[in-house]
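Spelled out from the first residue to the last, the chains are:
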Amino acid sequence: MSVPPRKDWDTYFMDIAYMASTRSRCGRRQVGAVLVLGKKLLGTAYNGAPTGVEDCSEAGCMLVEEYEIVQRDSKEEMVKKQRCIRTIHAEQNLLLFTDRSDREGATVYVTDQPCWTCANMLANSGVREIVYHRGYPKDSDKVIKLMEQCGIAIRRLEDYAIPTGIQTLEPQR
Ligand SMILES: [Zn+2]
Ligand SMILES: [Zn+2]
């Protein structure tokens, strides 16, 4: 039997981020994130309720409703959306469980483009690069602008495919 083609590093670390996301118990969104320095894995995290607190699968999602401005046919529309606020986001957990000294100059691989709050925290975390797969249009423009201002590279893995066998939710918009 021949050895399957070797995965490049981007694919390798994004696969691990998706593997971490499968630990999430939120029925609306499963996000995984990993911290990488050079080619060394320094931490993994996913979105979840704080330790010892009932999670979304036990207590249900904690939903809030918000109005969001979306572009439709080149017009702006106010759309009511629901969001689960029970979980600590994957990127936030990653920051809580890694050391600042490990983050200096490191890369974060995250399954979904960071929301505004996570991006703001990552901007001050020592991380120098963010690599994501699924887009998060709501905050995308302001997140990309913020990263430009902070000199942090952010890029999307356009051609990445989630490995078959990893069961992860399609995020709800
Ligand atoms: Zn939830
Ligand atoms: Zn977030």
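Being a predicted model, the structure only gives us computed values, none of them experimental.

What follows covers helix 1 (residues 9-21). Helix length check: helix 1, at 13 residues, gives a terminal C-alpha distance of 18 Å against a target of 18 Å (1.5 Å per residue), a fit within 8%. As for helix 1, its buried residues are in contact with strand 1 (32-37), strand 2 (40-46), strand 5 (107-112) and strand 6 (129-134).

In this section: the UniProt feature "active site" (unreviewed entry) in the protein. This chain's UniProt record puts "active site" (unreviewed entry) on Glu-91. Glu-91 sits in the buried class, given 27 other C-beta atoms within 10 Å. Ignoring any residue separated from it by four or fewer positions in sequence, one finds Glu-91 in contact with Ala-33, Val-108, Val-110, Pro-114, Cys-118, Met-121 and Leu-122.

All right, on to the environment of Gly-105 then. Its location among the elements puts Gly-105 in the loop between helix 4 (100-103) and strand 5. Residue Gly-105 is classed as exposed on the basis of its 11 C-beta neighbours within 10 Å. Sequence-wise, Gly-105 and Thr-44 are 61 residues apart; in three dimensions their C-alpha atoms are separated by 17 Å. Not counting the four nearest positions on each side in its chain, Gly-105 is found in contact with Leu-37 and Arg-128.

Further remarks concern the UniProt feature "domain: CMP/dCMP-type deaminase" (unreviewed entry) in the protein. Per the UniProt record, "domain: CMP/dCMP-type deaminase" (unreviewed entry) is annotated on residues 8-157. Note that residues 8-157 is 33% helix and 33% strand, and that its end C-alpha atoms are spaced 12 Å apart.

Let us look at the sheet that holds strand 5. Within the open sheet, the five strands sit side by side as 2-1-5-6-7. Their pairing is mixed. Two strands bound the open sheet, and with one partner strand each, they are strand 2 and strand 7 (153-156). Sheet twist, expressed as the mean angle between neighbouring strand axes with direction ignored, is 20°. Judged from the six bridges that link them, strand 1 and strand 2 form a sheet pairing that is antiparallel. Following the sheet pairing, Gly-32 is matched in strand 2 by Tyr-46.

Counting residues in each nonpolar core, the largest one holds 27 residues, and the members touching the most others are Ala-17, Ala-33, Val-34, Val-108, Tyr-109, Val-110 and Ile-130. At the level of elements, helix 1, strand 1, strand 2, helix 3 (90-96), strand 5, helix 5 (116-123) and strand 6 are the ones that each hand at least two residues to this core. The greatest single-element share of this core, amounting to five residues, is contributed by helix 1. In contact with Val-34, other than residues within four places in its own chain, are Phe-13, Ile-16, Ala-17, Ala-20, Leu-41, Gly-43, Thr-44 and Tyr-109.

Reading guide: rules and limits
Residues numbered from 1 in each chain as written. Chains lettered and ligands numbered in written order. Predicted model: local features only at pLDDT ≥ 70, side-chain atom pairs only at ≥ 80, totals over all residues. Helix = DSSP H or I, 4+ residues; strand = E, 2+ residues; numbered from the N terminus. Expected span 1.5 Å × (residues − 1). Contact = placed C-beta atoms within 7 Å. UniProt positions renumbered as here; feature names shortened; annotations may be inferred. Buried ≥ 20, exposed ≤ 12 C-beta atoms within 10 Å, placed from the backbone. Pairing = 2+ DSSP bridges. Axes fitted to C-alpha atoms, helices over the stretch in contact; angles between N-to-C directions. Core = buried A, V, L, I, M, F, W, Y, C linked by C-beta atoms within 7 Å.

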